[in-house]
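# Descriptive structure summary
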Amino acid sequence: MFSEAELDYLATQGLGRLATAQPDGTLQVSPVGYAYNTETKTIDITGYELAKSKKFRNVAANGQAAFVVDDMPSYDPPRIRCLEIRGRAEALTGARTPDGHLDGAVIRIHPSRIISLGVDDPDHDPLDLVPHNRNV
């Protein structure tokens, strides 16, 4: 599913952006912390009182999400790295969490499409990078 370079990239970043669809169809984009779940091969998002959040309700109602992690590690020349994950999302409750600040709610993203750019190709000129698009 994810390449080794993509998993390494996800492990080095601490913040991503979750896009969910609101009931009226407009998008809501929120910065979120995340972890790659090796058992389920999913992106798991937790947070303080997550079950009370609009993003959690959006996922519970719609079940579609996109998640983006990107950065710009150099400016001369400018180099962008990006990993976009689209797929089915679940709003789960009752998960075990290690600290009392989390409410046991998890948004779990099951990837169906992965788009990466510059994550596994540090040798090519930034303008020559080609995105890797694949369905999983």
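A quick note: this is a predicted structure, and the numbers were derived from the prediction, not measured. (Residues numbered from 1 in each chain as written. Predicted model: local features only at pLDDT ≥ 70, side-chain atom pairs only at ≥ 80, totals over all residues. Heavy atoms only, no water.)

### Section: the overall build of the protein
Each helix and strand counted, the protein has two helices and eight strands in total. From first element to last, N terminus to C terminus, the protein shows the α and β order α-β-β-β-β-α-β-β-β-β. For a compact globule of 136 residues, the expected C-alpha radius of gyration is about 14 Å, and the protein comes in at 16 Å, within 12% of that figure. Overall, the C-alpha framework of the protein stretches about 45 × 35 × 30 Å when taken along its three principal axes. With 136 residues in all, the protein has 40% of them scored as buried. Across the protein, the fraction of contacts at a sequence separation of at least 24, relative to all contacts at a separation of at least 6, is 58%. (Helix = DSSP H or I, 4+ residues; strand = E, 2+ residues; numbered from the N terminus. Rg over C-alpha atoms; globule rule 2.2 N^0.38 Å. Buried < 20%, exposed > 50% of the residue type's maximum accessible area, 1.4 Å probe, protein only. Contact = heavy atoms within 4.5 Å.)

### Regarding the UniProt feature "domain: Pyridoxamine 5'-phosphate oxidase N-terminal" (unreviewed entry) in the protein
Mapped onto this structure's residue numbering, the UniProt feature "domain: Pyridoxamine 5'-phosphate oxidase N-terminal" (unreviewed entry) falls at residues 5-93. Secondary structure across residues 5-93 divides into 19% helix and 52% strand, with the first and last C-alpha atoms of the span separated by 31 Å. (UniProt positions renumbered as here; feature names shortened; annotations may be inferred.)

### Side note on the packing of aromatic side chains
Inspection of the entire model under this criterion finds two aromatic pairs. For the pair Phe2 and Tyr36, a centre-to-centre distance of 5.5 Å together with 85° between the ring planes defines the contact as edge-to-face. Of this pair, Phe2 sits in the segment before helix H1 (4-12) while Tyr36 sits in strand E3 (residues 35-37), and the two are 34 residues apart along the sequence. When the ring of Tyr34 is compared with that of Phe67, the centres are 5.0 Å apart and the planes differ by 70°; the resulting orientation is edge-to-face. Here Phe67 lies in strand E5 (residues 64-75) and Tyr34 lies in the loop between strand E2 (27-32) and E3, a separation of 33 residues in the sequence. Look at Phe67 and you get buried, because its relative accessible area is 0%. (Phe/Tyr/Trp six-rings, centres within 6.5 Å; stacked < 30°, edge-to-face > 60°.)

### Side note on helix H2 (residues 54-62)
Taken together, the buried positions of H2 are Lys55, Phe56, Asn58 and Val59. Taken around the axis of H2, the buried residues stretch over an arc of 160°, which confines them to a single face. Exposed positions of H2 whose direction lies more than 90 degrees from the buried face are Ala60 and Ala61. Among the structural elements, strand E1 (16-21), E2, strand E6 (78-92) and strand E7 (106-117) are those in contact with the buried residues of H2. Where H2 terminates, the next one or two residues include Gly63, which has phi positive at roughly 80°. (Arc of directions from axis to C-beta.)

### What to know about the environment of Ala11
Structurally, the position occupied by Ala11 is in helix H1. Residue Ala11 is classed as exposed on the basis of its relative accessible area of 67%. Sequence separation between Ala11 and Glu39 is 28 residues; the distance between their C-alpha atoms is 15 Å.

### Side note on the pattern of salt bridges
Within this structure, the stated rule accounts for six salt bridges. Glu49 serves as the salt-bridge partner of Lys52, at 3.7 Å between the closest nitrogen and oxygen. Residue Glu49 is classed as partly exposed on the basis of its relative accessible area, which comes to 32%. Taking the shortest distance from any N to any O, the salt bridge between Asp71 and Arg81 comes out at 2.5 Å. Here the residue Asp71 occupies a position in strand E5, and Arg81 occupies one in strand E6, the gap between them amounting to 10 residues. (Salt bridge = Lys/Arg side-chain N within 4 Å of Asp/Glu carboxyl O.)

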